[in-house]
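# Topology and contacts: notes
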Amino acid sequence: MLQGDVGLELAARVVAAVKSSLDLDITPAEALIRPSNRPGADYQCNAAMGLGKRVGRPPREVAAAIVGALDGTDLVVEPEIAGPGFINLTLTDTWLTTHIEQLLGEERLGVPVTERPRRIAIDYSSPNVAKEMHVGHIRSTVIGDALVRMLRFHGDEVIPHNHLGDWGTPFGMLIEHLVDEGVDADHSVSDLNVFYQEARKKFDSDPDFAERARLRVVKLQSGDEQTLELWQQLVDESMRHFMKAYKMLGIGLTPEDNYGESFYNQYLADTVAELEQKGLTEISDGALCVFPKGFFNREGDPLPLIVRKSDGGYGYMSTDLATARYWGVERAATDLLYVVGTPQAQHFAMVFVASRDAGWLTPEQNTVHVNFGSILGEDGKMFRTRSGDTVKLIDLLTEAIDRAAAVVGEREDLTAEERASIAHAVGIGAVKYADLSSDREKDYVFSWEKMLATDGNTATYLQYANARTLSIIRKSGETVRPGAKVTLAEKAERDLALQLIQLPAAVQAAIDGYTPHKLTTYLYETASAFTSFFEKCPVLKAEPEIRASRLALCALTSKVLTLGLDLLGIKAPTRL
RNA sequence: GCCCCCGUAGCUCAGCGGAUAGAGCGAGUGACUUCUAAUCACUUGGUCGCAGGUUCGAGUCCUGCCGGGGGCACCA
């Protein structure tokens, strides 16, 4: 049984052919196997041109030598050499059908488990306590969750952590405001945004209050019991809110995954002491700083990470160094992933350099800022939190579900419960998919219309295709069994089959670059290949053998779409 | 001023150094008594920001420029 992608197998064959015909050692990557978009060719090998240069022979001659030595009769039909030296590879129908038949019985649909699992600590979501989650939190939360799912499926040990903004100076004013409002009034923080804004307003306008807030910060940091209790109330209330959003979104984060700023607080003094001990710090403008090499401010002077502020307090830079130290040393993670917006790129670059200088991370340990573009308003400007016009996350999700419900409501053959469940899957899926289906590094213009669209490259389209596959199978009254005989007569059937075997490559590509959109693109193409097949190839009315074969294709399509969507954190309802 | 990211069809976006740059939306024409029309087929649409360079081959790599965005000392 072939594990993984066919492209890898083809590459191995080409490597062997190059060795035997040209006596050259090349890597599988150098075999340059690519899926081909040429009619009639499934894959192509682009190695001959480069090798021709290397051995000083015409590329077409090299291509002919490779083809002559290629041991691939079980896999591909006689390859054809085209243009300057492209080798067109077409899978035999025998191989393709056999492979499809085998995949039907395979839980992982051909995706291998990694042989070298890693321990991956991933920081994502990271909302602020006492602030309601808004659209700006979608990206980190949804992308992070998808990465967790994909990496776990890949076989890695994944440790998610939610870096809550639950500590620091704002909590002085928040706690004082809580005291003013009456500690027992359990509804006092029910609307977190209003609560925060009121506290802020009082802090700015009432010097008395501001002074109390400052004193409260000192109490908090010195561990005053009563203050900690109040603080805990704020955190708990916020967590209830976060969990509500996570539950709606189908995000797996729980309070167990909380590693907020308050958690790292206990490590800050040691972290800083260690930096001092290693001679990496210096005092600048009264602040204790680390100056990682290669970073400069606008005057051209070295740019610091301020590890202890001039007032003796610790800021986010100390905390982020403490996280790198904690996950790199204490938890021995092999990979540290931070799903945080692009604007913080320089900050993370500095933290990574400083952490390596401090010896907390070895060269074998990867640090990746899984950055993503900003959410922009319709005006193309940054969607600022303080603009007052932010869309609340819960409102957005509710709206998305309502819109989906309006369409599902027309279905009369479903129970109210089914309709609600479908509306939820479709609405939430639309929002998540909108965020996962484009290159995460690019900025994102917020638009209801785009986010809730149900046509084109959207979650709804995939869910719809899946529901149709299952509808056919349901109506057939049969269960498709592994090993069901498959034949590929029509072009639409073969196109679909070829698409279905490429899941492993798509998953790997998405994992390699932490780029979920590579998977969404593949799934969209798969759904598209299915709908073409659906239009052209009747299943239930076909002759028994064809019918069985097409049912098998439907079944495998459904498995691929369902698994793929699951890796993205999107539900695939059996009916729509 | 320095650094980072982006610039592909009217719009939103894919595109792994390979052949004639692809989808969706929009617009136009067809297709539901037939497995779900939340669909499909066909048509329309491009100086890949500009100029050099590397290469057998550049949307993709390098340099410079133009345009947009972001970051650049005690907020995160």
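The structure this text deals with has already been given above.
All values reported here derive from a predicted model rather than from experimental measurement.

About the cut-offs
- Residues numbered from 1 in each chain as written.
- Chains lettered and ligands numbered in written order.
- Predicted model: local features only at pLDDT ≥ 70, side-chain atom pairs only at ≥ 80, totals over all residues.
- Heavy atoms only, no water.
- Helix = DSSP H or I, 4+ residues; strand = E, 2+ residues; numbered from the N terminus.
- Buried < 20%, exposed > 50% of the residue type's maximum accessible area, 1.4 Å probe, protein only.
- Contact = heavy atoms within 4.5 Å.
- Areas by Shrake-Rupley, 256 points an atom, 1.4 Å probe, with all protein chains shown as cover.
- Pairing = 2+ DSSP bridges.
- 1 Å grid on protein atoms, 1.4 Å probe; cavity = no way out; pocket = protein on both sides within 12 Å on 5 of 7 lines; lining within 4 Å.
- Points joined across faces, edges and corners; volume = space filled by probe spheres on them.
- Nonpolar A, V, L, I, M, F, W, Y, C, P; charged D, E, K, R; others polar.
- Core = buried A, V, L, I, M, F, W, Y, C linked by side-chain atoms within 4.5 Å.
- Patch = residues over 30% accessible without salt bridge, like charges linked within 9 Å, V, L, I, M, F, W, Y side chains within 5 Å.
- Salt bridge = Lys/Arg side-chain N within 4 Å of Asp/Glu carboxyl O.
- Lys, Arg positive; Asp, Glu negative; His and termini not counted.
- Charge placed at Lys NZ, Arg CZ, Asp CG, Glu CD.
- Arc of directions from axis to C-beta.
- Polar contact = N/O pair within 3.5 Å; in protein donor to acceptor, adjacent residues only side chain to side chain.
- Axes fitted to C-alpha atoms, helices over the stretch in contact; angles between N-to-C directions.
- Parallel < 35°, antiparallel > 145°, perpendicular 65-115°, else oblique.
- Near = heavy atom within 4 Å.
- Expected span 1.5 Å × (residues − 1).

## Describing the overall build of chain A
If you tally the helices and strands in chain A, you get 20 helices and 13 strands. For chain A, the spread of C-alpha atoms along the principal axes amounts to about 85 × 65 × 40 Å. Looking at chain A as a whole, 53% of its 576 residues qualify as buried. Sequence separation of 24 or more characterises 72% of the internal contacts of chain A that already satisfy a separation of 6 or more. Of the roughly 26,700 Å² of accessible surface on chain A, a fraction of 50% belongs to carbon and sulfur atoms.

## Some remarks on the pairing of strand E7 (residues 281-284)
The pairing of E7 with strand E8 (residues 287-290) spans four bridges and is antiparallel. Paired with Ile 283 across the two strands is Leu 288, which belongs to E8. What sits between E7 and E8 in their antiparallel hairpin is a turn of two residues, with Asp 285 showing a positive phi close to 50°.

## Considering empty space enclosed by the protein
Counted by the stated rule, this structure contains one cavity of 30 Å³ or more. Considered as a void within the structure, the largest cavity measures approximately 40 Å³ in volume. As for the largest cavity, its lining consists of Leu 10, Arg 13, Val 14, Leu 70, Gly 72, Leu 75, Val 76 and Leu 89. Ranked by residues supplied to the lining of the largest cavity, first place goes to helix H1 (residues 6-22) with three residues. In terms of residue class, the lining of the largest cavity is built from six nonpolar, one polar and one charged.

## Quick notes on the nonpolar core
If you look at soluble globular proteins, the nonpolar side chains tend to sit buried side by side. Core analysis: the largest hydrophobic core is formed by 151 residues, its most contacted members being Leu 91 and Leu 519. Residue contributions to this core peak at 12 residues, all from helix H20 (residues 544-568). Not counting residues within four places of it along the chain, the set of residues in contact with Leu 519 comprises Met 150, Leu 503, Ala 506, Val 507, Ala 510, Gly 564, Leu 567 and Leu 568. If you look at the next biggest cluster of nonpolar residues, it comprises 33 residues, including Phe 263, Val 272, Ala 322 and Ala 324.

## Considerations on a negative patch on the surface
A surface patch of like charges, here negative, comprises Glu 412, Asp 413, Glu 417 and Glu 418. Relative to the helices and strands, Glu 418 resides in helix H14 (residues 416-436). The exposure class assigned to Glu 418 is partly exposed, which follows from its relative accessible area of 32%.

## Describing the layout of surface pockets
Of the volumes computed, that of the second largest pocket is approximately 1,300 Å³. Lining the second largest pocket are 44 residues, with Asp 5, Pro 35, Tyr 43, Gln 502 and Ala 505 sitting closest to its centre. Looking at the lining of the second largest pocket, the elements that each hand over two or more residues are H1, strand E1 (33-35), helix H5 (138-154), helix H17 (491-500), helix H18 (503-512) and helix H19 (516-536). Of the residues forming the lining of the second largest pocket, the biggest block, eight residues, is contributed by H18. When its residues are assigned to classes, the lining of the second largest pocket shows 22 nonpolar, 12 polar and 10 charged.

## Some words on helix H2 (residues 47-55)
Among the residues of H2, those classed as buried are Ala 47, Ala 48, Leu 51 and Gly 52. Along H2, the residues classed as buried sweep out an arc of 130° about the axis, all on the same side. Of the surrounding secondary structure, the elements contacted by the buried residues of H2 are H1, strand E2 (43-45) and helix H3 (59-69).

## Here we look at the side chain of Asp 5
Residue position: Asp 5 is located in the segment before H1. Although buried, Asp 5 forms no salt bridge, and the nearest oppositely charged side chain, Arg 34, lies 9.5 Å from it. At 2.8 Å, the side chain of Asp 5 and the backbone nitrogen of Gly 7 are in polar contact. With near-sequence residues (within four places) excluded, Asp 5 lies in contact with Tyr 43, Ile 501, Gln 502, Pro 504 and Ala 505.

## Some points on the pattern of salt bridges
Oppositely charged side chains may form a pair once their charged atoms are brought near each other. Taken as a whole, this structure holds 28 salt bridges when the rule is applied. A salt bridge links Glu 61 to Arg 57; the shortest N-O distance between them is 3.0 Å. Arg 57 sits in the partly exposed class, given a relative accessible area of 33%. Of the charged contacts, one joins Asp 180 and Lys 202 as a salt bridge, the two residues approaching to 2.8 Å between their closest N and O atoms. Residue Asp 180 is located in helix H6 (residues 170-181), and its partner Lys 202 is located in helix H7 (residues 192-205); the two are separated by 22 residues in the primary sequence. Judged by relative accessible area, which is 36%, Asp 180 ranks as partly exposed. Relative accessible area serves as the criterion here: at 22%, Lys 202 is assigned to the partly exposed category. A single network of salt bridges, built from pairs that share partners, joins Glu 176, Asp 180, Lys 202, Arg 212 and Arg 216.

## So, the packing of H1 against H3
H3 packs onto H1 with a crossing angle of 110° between their chain directions and a minimal axis gap of 8 Å. With respect to H3, the axis of H1 lies roughly perpendicular. Taken together, the residues of H3 that come into contact with H1 (itself represented by Val 14, Ala 17, Val 18, Ser 20, Ser 21 and Leu 22) are Val 62, Ala 65, Ile 66 and Ala 69. Taken together, the residues that form the contact of H1 with H3 break down as eight nonpolar, two polar and no charged.

## Describing the protein's contact with RNA strand B
Close to RNA strand B lie 65 residues; Lys 53, Glu 261, Lys 309, Tyr 316 and Lys 475 are nearest. Near the protein, meaning within 4 Å, the atoms of RNA strand B are sugar or phosphate in a fraction of 52%, with bases accounting for the rest. In the environment of RNA strand B, a sugar or linking oxygen lies 2.3 Å from a nitrogen or oxygen atom belonging to the side chain of Glu 261. At a separation of 3.1 Å, a base nitrogen of RNA strand B approaches a polar backbone atom of Cys 537. A breakdown of the residues in the surface near RNA strand B according to their chemical character gives 27 nonpolar, 18 polar and 20 charged.

## Some thoughts on the environment of Pro 35
Looking at the secondary structure, you find Pro 35 in strand E1. In the structure, Pro 35 is positioned 26 residues away from Glu 9 in sequence and 13 Å away in space, judged by C-alpha atoms. If we skip the residues at most four places from it in the chain, Pro 35 touches Asp 42, Tyr 43, Gln 44 and Gln 502.

## Here's the deal with the side chain of Asn 88
If you trace the backbone, Asn 88 turns up in strand E4 (residues 86-89). Residue classification places Asn 88 among the buried residues on the basis of a relative accessible area of 10%.

## Considerations on H1
Taking 1.5 Å as the rise per residue, H1 with 17 residues should run 24 Å; its terminal C-alpha atoms sit 24 Å apart, in good agreement. Val 6, Gly 7, Leu 10, Ala 11, Arg 13, Val 14, Val 15, Ala 17, Val 18 and Leu 22 are the residues of H1 that are buried. Residues of H1 that are buried sit in contact with E1, E2, H2, H3, E4 and helix H4 (93-103). For H1, the capping residue at the N-terminal end is Asp 5, with a side-chain oxygen 2.8 Å from the backbone nitrogen of Gly 7.

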